[in-house]
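A structural walkthrough
One letter stands for each residue in the lines below.
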Amino acid sequence: MRGTFVNTLCDIARQDERIVLLTGDLGFTVLEPFREAHPKRFYNVGVAEQNMVGIATGLAEAGLIPFCYSIGTFASLRPFEFIRNGPVLHHLPVRIVGLGAGFEYGTAGTTHFSLEDIGVLRTQPGLDIIAPADFEQTRSALLDTWSADGPIYYRLGKDDRNTMPGLEGRFARGRAQKVRDGDDLLIFTCGPISLEVAAAADQLAREGIESRVVVVASVSPAPEKDIVEALSGHRVALVVETHYTTGGLGSLLSEVVAEQGLGARIVRLGVRKSAHGRSGSPAHMYARHGLDKAGIVKSAHQLLTAARG
């Protein structure tokens, strides 16, 4: 996703001189295409994410469209007050780009796990949150939103090779995308973990269980209409995300169910406990937290058994 993001941003920058890219001393071997194509619009501000957002706020106030690039935790948590007091309160087109959704920087340790970024940023009205499932949707989302009014947080992974079956890059702000149909189970997901969901849905299908899979890349503004429509034909739904179960996509779905008075049960499959110093590859961390294909299949069986009971 990160390579696709940079290449797409280069394409946009050739058309619009307002595009500026800032990095918090990260992105080496990734950001070079932009730096080489637009050297006067590229700034490495150093390990200073708060200053990066402050600078971007000033650039946006001056009429530019700045993109701030860093690892998800550093892009969202360190400068949170600056995001709130700058682009959010002044409704400025600052773009925060958080890399390594969930456990994608797993070997770097717990400080690099992006497990609360959605929950923290979702508290801010007017801040769009976009979590693409694959690199094709990343490009579509960026092309669809880069010129929008107000601030945006892009939650990206690193995979520029694999795609979500049935998605075909589709994205629309405030909408969800159905990528698979089935009457037995409803699964909502977002971000790179969607590929594990696809593999789990394939396994369930081989067992005679057909799943409807919905990708919610536009976390904010929330696709409430699509969520309600998907839930109308299901009594239970499983939400799979690489995020703490508090505040993320599962919480969003629960809020919609409560506010709309829907009779559906939401089961959140996410991260329920701290890593406590544990680190490892994304695959290892998925398995530890029941977010790999096997874990998703197991949770689906448990949910369906409980529903039948």
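Every residue gets a number counted from 1 within its own chain, in the order that chain's sequence is written. Only residues with pLDDT of 70 or above have their local features reported here, since the model is predicted, and side-chain atom pairs are shown and tallied only from 80 upward, although totals for entire chains, interfaces and linings are computed over all residues. Side-chain measures here rest on the full set of heavy atoms in the structure, leaving out hydrogens and waters.

**Here we look at the sheet that holds strand 3 (residues 65-71)**
Rules: Pairs of strands are assigned from DSSP output, requiring at least two bridges between the strands. Secondary structure elements are taken from DSSP: a helix is a run of H or I of four residues or more, a strand is a run of E of two residues or more, and numbering for both begins at the N terminus. Think of each axis as a best-fit line through the C-alpha atoms, taken over the contacting stretch in the case of a helix, with angles from 0 to 180 degrees between the N-to-C directions. Residue contacts are defined here by distance: any two heavy atoms, one from each residue, within 4.5 Å place the two residues in contact.
With respect to topology, seven strands assemble into an open sheet ordered 2-1-3-4-6-5-10, the strand pairing being mixed. Each having just a single partner strand, strand 2 (42-44) and strand 10 (218-220) make up the two edges of the open sheet. Put simply, the sheet's adjacent strands are angled 20° from each other on average, direction ignored. Contacting strand 3, strand 4 (95-99), strand 5 (128-130) and strand 6 (152-156), helix 7 (residues 135-145) runs over the sheet at an angle of about 170° to strand 6.

**Comments concerning the packing of aromatic side chains**
What describes a pair of aromatic rings is the distance from one ring centre to the other and the angle between the planes of the rings. We count it as follows: Pairing of aromatic rings covers Phe, Tyr and Trp, the last counted by its six-membered ring, and requires centre-to-centre distances within 6.5 Å; plane angles under 30 degrees mean stacked, over 60 mean edge-to-face, and any other angle means tilted.
In the structure shown here, the tally under the stated rule is five aromatic pairs. Residues F5 and F67 carry aromatic rings whose centres are separated by 6.1 Å and whose planes lie at 50° to one another, so their mutual orientation is tilted. Of this pair, F5 sits in helix 1 (residues 2-15) while F67 sits in strand 3, and the two are 62 residues apart along the sequence. Relative to Y286, the ring of F103 lies with its centre 6.5 Å away and its plane at 65°, an arrangement referred to as edge-to-face. Of this pair, F103 sits in the loop between strand 4 and helix 6 (117-121) while Y286 sits in helix 11 (residues 282-288), and the two are 183 residues apart along the sequence.

**Description of helix 12 (residues 293-308)**
Inclusion rule: By this rule, a helix spans an expected 1.5 Å times one less than how many residues it contains. To sort residues, take the accessible area from a 1.4 Å probe on protein chains only and compare it with the maximum for the residue type: under 20% means buried, over 50% means exposed, and anything in between is partly exposed.
Over its 16 residues, helix 12 extends 23 Å from the first C-alpha to the last, a length consistent with the 22 Å expected when each residue adds 1.5 Å. Considered for burial, the residues of helix 12 that qualify are G295, I296, V297, S299, A300, L303 and L304. Where helix 12 is buried, its residues meet strand 8 (185-189), helix 8 (194-206), strand 11 (236-244) and strand 12 (265-271).

**Regarding the packing of helix 8 against helix 12**
Which entries qualify depends on this criterion: Working rule for angles: under 35 degrees goes down as roughly parallel, over 145 as roughly antiparallel, 65 to 115 as roughly perpendicular, anything else as oblique. In this scheme the crossing of two helices becomes right-handed for a clockwise turn of the near helix relative to the far one and left-handed for an anticlockwise turn of less than a right angle. Residue type decides the class: Asp, Glu, Lys and Arg count as charged, Ala, Val, Leu, Ile, Met, Phe, Trp, Tyr, Cys and Pro as nonpolar, and the leftover types, Gly among them, as polar.
Between helix 8 and helix 12, the least distance of the axes is 8 Å, while the angle of their chain directions is 55°. Between helix 8 and helix 12, the angle falls in the class oblique. Remark: the crossing between helix 8 and helix 12 carries right-handed chirality. Facing helix 8, whose interface residues are E196, V197, A199, A200, Q203, L204 and R206, helix 12 presents K293, I296, V297, A300 and H301. Across the contact of helix 8 with helix 12, the residue classes break down as seven nonpolar, two polar and three charged.

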